[in-house]
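What follows is the residue order along each chain.
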Amino acid sequence: MPDRDAKDRQLDGSRVPSDKLNMTTDQGIRVDDTDNSLRAGTRGPTIMEDFHFREKLTRFDHERIPERVVHARGAGAYGVFQLYEPLGDLTSAAFLNDTSTPTPTFVRFSTVAGSRGSADTVRDVRGFATKFYTTQGNFDLVGNNFPVFFIQDGIKFPDFVHAVKPEPHNEIPQAQSAHDTFWDFVQLQPESLHMIMWLMSDRAIPRSYRMMQGFGVHTFRLVNASGQGTFVKWHWRPVLGTYSLVWDEVLRIQGNDPDYNRRDLWEAIERGAYPEYELCVQLVPESREHDFDFDLLDATKIIPEELVPLRPIGRMTLNRNPQNFFAETEQVAFHTANVVPGIDFTNDPLLQARNFSYLDTQLLRLAGPNFPQIPINRPINEVRNDQRDGFHQHLIHESRTSYAPNSISGGCPAAMDGYRHYQEKVEGHKIRMRSPSFEDHYSQATLFWNSMSNWEKQHIVAAFLFELGHVERKPIKEGVVRHLGQIHPDLATQVAEGLGLPAPAMAQVHAGTSPALSMTDQPQSVATRKIAILMADGTDAAEVTALRETLEGRGAICEVIAPAEGTVGGIRVDRQLGAASSVLYDAVVAADGQALAPLGRAQFFVKEAFKHGKAIGAVGTGRELIEAARLPNFVGVVMGDGIAEKFATAVAGHRFHERDVAAVPA
Ligand code: HDE
């Protein structure tokens, strides 16, 4: 159990222990029977006077609150943020100057489009929202796992969300962008194209929340004690590296385990394999604001890392699961406008809209203005102001005054030494017009494409073909393909060909790459990788034990799968073959061939893992199962006894994307 931080201790006051007390009503009256309603005679009508019955049903009827209009499905975790060194030259924020006490955090990861019960592994952006409970109040970094967004101006947000959500007439499809209204919006709103490149890439199907980057997206501002500002872009970098699933795998995970990412996060924390992320900043002095060929205020643009390198400033470790999903993960309320002194906004029109929207939606979702009093939302420092009353007021304000200035309470609470807004000079006409510096919608989409490796490009093309293959209206497909012609001829030609459309007019493409955008070069480790070991009665257990020791010694998780539950060769079976699927593992070891080679399900297990690029090992008679699976080649297949080292290296590499799997029917 990690050390208890200030937030954890504060929550003690709200915790209801699961002890063995007797049942009471909400009014504290002891209940003597909760299984039979009060009735007139054993076969007679229920009597209204049964207050326990009425209360129980009423409370049940009122259990649901509206789900978030976007980001409805999420998973949360507590953590701590440890700063590396004081940043006083950049910001006066206390938590960015104090290296002695870690700052408690709560993070909520989410998908965007689907409803609360939708599957985790859909093609979508992931939310990565962090609440820092600092000594100066809450700072919320409400980010995503992509560094850009679909639109430049928040006034387009309802249009965008309406387009991606299920279509209004039949509420189909759930949690998918593969439909007409979404792509209609895209073809008419080319500012979305850079984001679309990210969405069609494997970034949109992360292997794990633990292996996903986070971005603040907008340019924010740090302000130091002398009032000097510096532009900042926030980045979270996962210590385990950034890794994704493959599309075919995703489709099968949705049925096998719709809670795939949520479960993965929960189990890692329960096991003590705490997810870690480095917080990095890209810093731009105000004097360099106009030095780029894009606008820092345009949220459809990145600052390439090659232009402004990332500076790591601290590390967040997620070390505690919530105790109650509703109380903590559902009721948490993030808001871009929750900033502390030393952190400020810019005029990014998307950020400005968000600064309105989050509070507004939470007033509805959490039923009134007192939701900051909900335990998960409370800052760890004292809250003192003249705001009063409203639904669900939990505090008893003793003061005889609730106005300022006052003399009766000695002028308290007094407004002093608080948050000072950055004194940016602004002037201009009131106009509804985008800045010309927001006009280029293609260059960074091209930069993204140029920076991808071959396999990443192939996956992007395949994603466009899947998505547009679900669009019914031909003019919409044509419209999208026309835009792709402005991004890159290779992309446009392949997509047009697959859709049976003529190649569009092609633009002169811009050269240039940003290697940091590719997922090819990642830290490699077997830690927390899940490995299926296929066994049966008669398997050589010694060989399996030796392999397991090496893998588990490095933090991998091995699960034994066999035709029946129980034990095989003295080793406990974790899952029976009929209830297991290769898509829930990072790698597979065939440890038996004699009993398993004739089984179609075992062959499929291996073949499917192969199709998805996973490392495959074989020990003992396992080679016979590999042969029965009739793989077209042996790239990433490690066979023979004593394979532990070689296999561990193969697993750490995540996937063999160069493996030719076109002919594998799995
Ligand atoms: Fe959000 N967004 N958003 N968003 N957003 C919400 O707030 C909104 C945007 C993000 O786990 C809502 O409390 C507007 C960008 C996350 O609770 C809502 C615009 C980024 C979460 C809202 C954006 C995000 C939300 C719905 C365009 C990445 C989940 C429920 C101007 C930087 C937070 C809620 C959680 C949630 C509005 C665009 C991230 C409706 C108007 C860009 C991670 O207020």
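Residue indices begin from 1 for each chain and proceed along its sequence in written order. In keeping with the model being predicted, local features are shown solely for residues with a pLDDT of at least 70 and side-chain atom pairs are shown and tallied solely at 80 or more, while totals for entire chains, interfaces and linings include all residues.

As annotated in an unreviewed UniProt entry, the protein is Catalase from Nonomuraea jiangxiensis. UniProt positions are given in the numbering used here, feature names are shortened, and annotations may be inferred rather than shown by experiment. UniProt annotates the protein under Cofactor (unreviewed entry) with the comment "heme". UniProt's Sequence similarities (unreviewed entry) comment on the protein is quoted here verbatim: "Belongs to the catalase family. HPII subfamily."

By definition, any uninterrupted DSSP run of H or I lasting at least four residues is a helix, any uninterrupted run of E lasting at least two residues is a strand, and each is numbered from the N terminus. Secondary structure summary: the protein contains 17 helices and 18 strands in total. Note on burial: count the other C-beta atoms lying within 10 Å of the residue's C-beta; 20 or more is buried, 12 or fewer is exposed, in between is partly exposed, and C-beta positions come from the backbone. By the burial criterion, 44% of the 666 residues in the protein qualify as buried.

What follows covers the packing of helix H14 (residues 541-553) against helix H17 (residues 644-652). At their nearest, the axes of H14 and H17 sit 10 Å apart, and the two run at 45° to each other. In terms of orientation, H14 lies oblique with respect to H17. The two elements H14 and H17 meet at a crossing, and its hand is right-handed. On H17, the residues touching Ala-546, Leu-547, Thr-550 and Leu-551 of H14 are Ala-644, Phe-647 and Ala-648. The classification used treats Ala, Val, Leu, Ile, Met, Phe, Trp, Tyr, Cys and Pro as nonpolar, Asp, Glu, Lys and Arg as charged, and all other residues, Gly among them, as polar. When grouped by side-chain class, the residues that make up the contact of H14 with H17 number six nonpolar, one polar and no charged. Interaxial angles span 0 to 180 degrees and are taken between N-to-C directions of axes, which are lines fitted to C-alpha atoms, for helices over the stretch in contact. Each angle is binned into one of four classes, with values under 35 degrees roughly parallel, values over 145 roughly antiparallel, values of 65 to 115 roughly perpendicular, and all other values oblique. For any helix crossing, the convention is left-handed if the near helix is rotated counterclockwise from the far helix by under a right angle, and right-handed if that rotation is clockwise. What counts as a contact is two residues whose backbone-derived C-beta atoms lie within 7 Å of each other.

Backbone hydrogen bonds hold the strands of a sheet together, and the pairing may be parallel or antiparallel. Pairs of strands are assigned from DSSP output, requiring at least two bridges between the strands. Read across the open sheet, the six strands follow the order E15-E12-E11-E16-E17-E18; overall the sheet is parallel. Looking at strand neighbours, the two that pair on one side only are strand E15 (575-576) and strand E18 (637-639), the edges of this open sheet. Here three bridges tie strand E17 (residues 615-618) to E18, and the two strands are oriented parallel to one another. Its bridge partner lying in E18, Ala-618 is registered against Met-639. Docked against the sheet, H14 engages strand E11 (530-534), strand E12 (557-562) and strand E16 (587-590), running at close to 150° with respect to E12. Relative to E17, H17 is tilted by about 160°, and along the sheet it contacts E11, E16, E17 and E18.

In this section: unusual backbone geometry. The omega torsion across Ile-172 and Pro-173 is -5°, close enough to zero to call that bond cis. Looking at where Pro-173 falls in the secondary structure, it is placed in the loop between helix H3 (157-164) and helix H4 (180-188). Notably, His-392 is not glycine yet its phi reads approximately 60°, a positive angle. Structurally, His-392 is set in the loop between helix H9 (349-365) and helix H10 (443-451). Assessed through the 12 C-beta atoms surrounding it within 10 Å, His-392 is described here as exposed. Residue Arg-630 is not a glycine yet carries a positive backbone phi of 50°. Within the fold, Arg-630 resides in the loop between helix H16 (622-628) and E18.

Taken together, 27 residues surround the ligand, and among them His-71, Arg-108, Gly-127, Gly-154 and Val-217 come closest. Secondary structure elements with two or more residues in the shell around the ligand: strand E2 (103-111), strand E3 (126-134), strand E4 (137-144) and H9. Among the elements that take part in the shell around the ligand, H9 stands out by supplying seven residues, more than any other. We call a residue near a molecule or strand if the C-beta atom, set from the backbone, is within 6 Å of it.

The biggest cluster of nonpolar side chains holds 58 residues, and the ones touching the most others in it are Val-148, Phe-149, Met-195, Met-197 and Trp-198. Sorting elements by how many residues they give to this core places helix H5 (residues 193-200) first, with seven residues. Residue ranges for the domains trace back to a domain assignment, done automatically or taken from a database. For this core, the two domains that each supply at least three residues are domain 2 (74-377) and domain 3 (448-517). Those residues in contact with Phe-149, other than ones at most four positions away along the chain, are Met-195, Val-217, Ala-299, Thr-300 and Leu-350. For our purposes the nonpolar core covers buried Ala, Val, Leu, Ile, Met, Phe, Trp, Tyr and Cys residues that link as a set through C-beta atoms within 7 Å. Among the nonpolar cores identified, the runner-up in size contains 54 residues, and Val-107, Ala-129, Phe-139 and Trp-236 belong to it.

Attention shifts here to the environment of Glu-289. If you trace the backbone, Glu-289 turns up in the loop between strand E8 (276-285) and strand E9 (311-320). Judged by the 14 C-beta atoms lying within 10 Å of it, Glu-289 is partly exposed. With 59 residues separating them in the primary sequence, Glu-289 and Thr-230 have C-alpha atoms 9.6 Å apart. Excluding its chain neighbours within four sequence positions, the residues that come into contact with Glu-289 are Phe-231 and Leu-296.

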